[in-house]
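Each chain, letter by letter, is given below.
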Amino acid sequence: MNAHTRPADPAKLIKGATGDWEIIIGMEIHAQVSSKSKLFSGASTEFGGEPNDHVSLVDAAMPGMLPVINAECVAQAVRSGLGLKAEINLTSVFDRKNYFYPDLPQGYQISQYKSPIVGEGEVIVDMLDGSRFTVGIERLHLEQDAGKSLHDQHPTMSFVDLNRSGVALMEIVSRPDLRSADEAKAYVTKLRTILRYLGTCDGDMEKGSLRADVNVSVRRPGEPLGTRCEIKNVNSIRFIGQAIEYEARRQVDILEDGGVIDQETRLFDAGKGETRSMRSKEEAHDYRYFPDPDLLPLELEEAYVEELKRGLPELPDEKKARFVESFGLSSYDAAVLVAERETADFFEAVVAKSDGGARDGKAVANWVINELFGRLNKEGLAVTASPVSAAQLGAIIDLIGEDVISGKIAKDLFEIVWSEGGDPRQIVEDRGMKQVTDTGAIEQAIDAIIAANPDKVEQVKAKPTMLGWFVGQVMKSTGGKANPQAVNALLKAKLGIE
Amino acid sequence: MICNEIRLEPMSVDATTVRRIAHLARIAVTDDDIPHLQGELNAILAFVEELDTVDVTGVEPMTSVTPMALIQREDVVTDGGYPDDIVANAPMTEDHFFMVPKVVE
């Protein structure tokens, strides 16, 4: 296990009154499988819906109902496993996990215990500082989601809606390979990206499509693992970070006061920013798993797995490597672009010319990341809703490359295309935005400025940095359209400075 | 698998185990009921115990004796849309929700 081999990083230790402590984190991510119908019934998985409308008699556990497995959910689990570079188990078994709760009408959850569909894999996580680490995946298994209870509708009663009951989940269990809240957040972000690329989970945390159970313990660097606490059902990446920070500090404080950690299940209270014990949960841990007699073992063919493998899209790690390799992008820019599949697709659409050629990747990356993303973020728009199409942005970049417009004018042009649309080349033509490269016209402007400002001409001879003032004046008198390189060169010649 | 562990002692349950099983299933059992439930459970266990005499060395645990593969269905929505029926047997409902005594941590 990585837990013992990964050396403690001094930068990630937390300071206690009596010395340093290392945080050890493992996660169980529940990812909702993207499918139209449920894991074992033909009811819809669509979010929302009127109470108990997306419920079949199977989901409501009416007597005599039998589960029939959804082939697409199986395929999605296999795709996810392949995306996690994991072994696919050609035989897996569904078990009953027994516990009593009002939103679990069967009295058990159909899950996979001893024989999951996916075995060991790994996720490579890149941090913003350029460091990277590998998180071991222990397993991925298929299971049913439970229904939803509402506790705030009535003073003495809880309301139960079974729309979510029976929806397929993938539980993805990591090794205890994470060492800080930031690492845990980066891991979930990366896992979410991979699943979204694969199209196996939409990763929508606001709708509960991705939830995390976080196991946290602390130890002195190099010592055996401490007792862990499990924080249940944390539903945002920010909260995962907050829950870990709080929980680690809580455990350190207890240990330093000479106390012991009770192994227990805790809840994260987002309002208070703290974790607290779920007292009653302990006894319920007796799940009495046994193979579900309603379901035969799930047997897959090697050829079926191969077929799914061939259909996989390019994954973020490979895409990032290709962007660096083929377009000469920095690792950071490539990481920003591949974080969402749609963004990477947009970037590639801008790079590709209609004649089959390619635009300069670095220039395109600059425009996409700095101008387009900046503008999209400001308006709260997704890249798929960008008012500036890939073709339009490509045309703007071409106009700069051809020296038809300056970089500064290009930004004005981008704004026009953003708010009014249209063909960038035509707009430049119609509105006279072309850069003046005609040296005669530029010279004329320079001469006029020199003639009007004899004092400045004297000053610049002693202080060459004054040149900037002249450049500014020329650009102003040409409406920003003069080619900056030409202006610079001509000014230097006329003013006699090097 | 639990079912083919070889047991040397006959398996039986005591009164505490009966109470625990009842509690896990949320079935209210009075102290008066315990002795006869304990007897019934032990009778079932003794009956099933006969299986322990079979030598299953080298036999894969199985959950079905039918030589068939798990049937899979296509991912299409074919069911649901009848919330009236879903809550029809519930003692208390409101707006198609089931109502249960408050359960909150």
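Owing to the predicted nature of the structure, the values given are computational and were not obtained by experimental measurement.

### What to know about the confidence of the model for chain B
Now for step 1: The predicted model of chain B averages 87 in pLDDT, with 90% of residues at 70 or higher.
Now for step 2: When the elements of chain B are averaged for pLDDT, helix α1 (residues 15-24) of chain B gives the smallest value, 90, and helix α3 (residues 83-86) of chain B the largest, 97.

### Section: the packing of helix α8 (residues 341-351) of chain A against helix α9 (residues 361-379) of chain A
Residues and elements named next belong to chain A.
Now for step 1: The geometry of α8 relative to α9 is characterised by a closest axis approach of 10 Å and an angle of 130° between their N-to-C directions. With respect to α9, the element α8 is oriented oblique. As for the relative orientation of α8 and α9, their crossing is right-handed in sense. Residues Thr343, Phe346, Phe347, Val350 and Val351 of α8 touch α9, and the partners they reach there are Gly361, Val364, Ala365, Val368, Leu372 and Phe373.
Now for step 2: When grouped by side-chain class, the residues that make up the contact of α8 with α9 number nine nonpolar, two polar and no charged.

### Examining the interface of chain B and chain A
Now for step 1: The partner chain A presents 52 residues to the 41 residues of chain B that form the contact.
Now for step 2: Viewed at the interface, chain A and chain B are joined by one salt bridge.
Now for step 3: Viewed at the interface, chain A and chain B are joined by 21 residue pairs in polar contact (both at pLDDT 80 or more).
Now for step 4: At five residues, strand β3 (residues 97-101) of chain B tops the list of elements feeding residues into the side of chain B that touches chain A.

### Structural notes on the packing of helix α3 (residues 181-198) of chain A against helix α4 (residues 237-256) of chain A
All names here are of chain A.
Now for step 1: Running from N to C, α3 and α4 cross one another at 155°; their axes reach a closest spacing of 9 Å. Classified by the angle their axes make, α3 and α4 are roughly antiparallel. Judged by the twist between their axes, the crossing of α3 over α4 is right-handed. Along its contact with α3, which presents Ala181, Ala184, Lys185, Val188 and Thr189, the element α4 presents Ile237, Ile240, Gly241, Ile244 and Glu245.
Now for step 2: Taken together, the residues of the contact of α3 with α4 break down into six nonpolar, two polar and two charged.

Reading guide: rules and limits
- Residues numbered from 1 in each chain as written.
- Chains lettered and ligands numbered in written order.
- Predicted model: local features only at pLDDT ≥ 70, side-chain atom pairs only at ≥ 80, totals over all residues.
- Heavy atoms only, no water.
- pLDDT = per-residue confidence, 0-100.
- Helix = DSSP H or I, 4+ residues; strand = E, 2+ residues; numbered from the N terminus.
- Axes fitted to C-alpha atoms, helices over the stretch in contact; angles between N-to-C directions.
- Parallel < 35°, antiparallel > 145°, perpendicular 65-115°, else oblique.
- Left-handed = near helix turned anticlockwise from the far one by under 90°.
- Contact = heavy atoms within 4.5 Å.
- Nonpolar A, V, L, I, M, F, W, Y, C, P; charged D, E, K, R; others polar.
- Salt bridge = Lys/Arg side-chain N within 4 Å of Asp/Glu carboxyl O.
- Polar contact = N/O pair within 3.5 Å; in protein donor to acceptor, adjacent residues only side chain to side chain.

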